[in-house]
Amino acid sequence: MTHLFDNIYLLTREEVEQTIPTAGIRKTMVNAMNSLWVRFQNYEKFPPIAVVENGQVMAIAMVTHLKNNDINLYDIVSFSPGFGTTLWKAILKIYSEKGAKNIKFRALKSALRF
């Protein structure tokens, strides 16, 4: 786990895989997110961003930063109410500071300005 700020961290593949058995009803989604990141070989270049509280992962997002200063949000999953919002705000902060101007969601064809 690499600390970014507050309770926001970057996770390794192993740390994401450790959350799968405890993900409850979101187990299938976290497993699919992990498989996608492994298949795209994204763990080194784009480690997942997470909210961690008391050593427990509360929300995870898979995001890539594209060459044209867009970001691509593949998936975001929260394991408890409110942590998805915290993670969403952190993603906007991280990538706006890196110069990103638009966000593309995996399911949409075009990007949205932020």
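Thresholds, definitions, all that
Residues numbered from 1 in each chain as written. Predicted model: local features only at pLDDT ≥ 70, side-chain atom pairs only at ≥ 80, totals over all residues. Heavy atoms only, no water. Helix = DSSP H or I, 4+ residues; strand = E, 2+ residues; numbered from the N terminus. Rg over C-alpha atoms; globule rule 2.2 N^0.38 Å. Buried < 20%, exposed > 50% of the residue type's maximum accessible area, 1.4 Å probe, protein only. Contact = heavy atoms within 4.5 Å. Areas by Shrake-Rupley, 256 points an atom, 1.4 Å probe, with all protein chains shown as cover.

A.B. asks: Help me out: how do you make sense of the overall build of the protein in this one?
C.D. replies: Looking only at helices and strands, the protein has 3 helices and 7 strands in total. Along its sequence from the N terminus, the protein presents helices and strands in the succession β-β-α-α-β-β-β-α-β-β. The C-alpha atoms of the protein give a radius of gyration of 13 Å, which matches the 13 Å a tight globule of 114 residues would have. Seen through its principal axes, the protein has C-alpha atoms that stretch 35 × 30 × 25 Å. Residues classed as buried in the protein amount to 42% of the 114 residues present. Considering only contacts within the protein whose residues lie at least 6 apart along the sequence, 52% involve residues at least 24 apart. Just so you have it, the protein exposes about 6700 Å², and 51% of that area is on carbon and sulfur atoms.

A.B. asks: Is there a simple way to think about the side chain of asparagine 34 in this case?
C.D. replies: Positionally, asparagine 34 belongs in helix 2 (residues 27–39). Given a relative accessible area of 6%, asparagine 34 falls into the buried group. Aside from chain neighbours lying at most four places away, what touches asparagine 34 is Arg13, Val16, Glu17, Ile20, Tyr43 and Met62.

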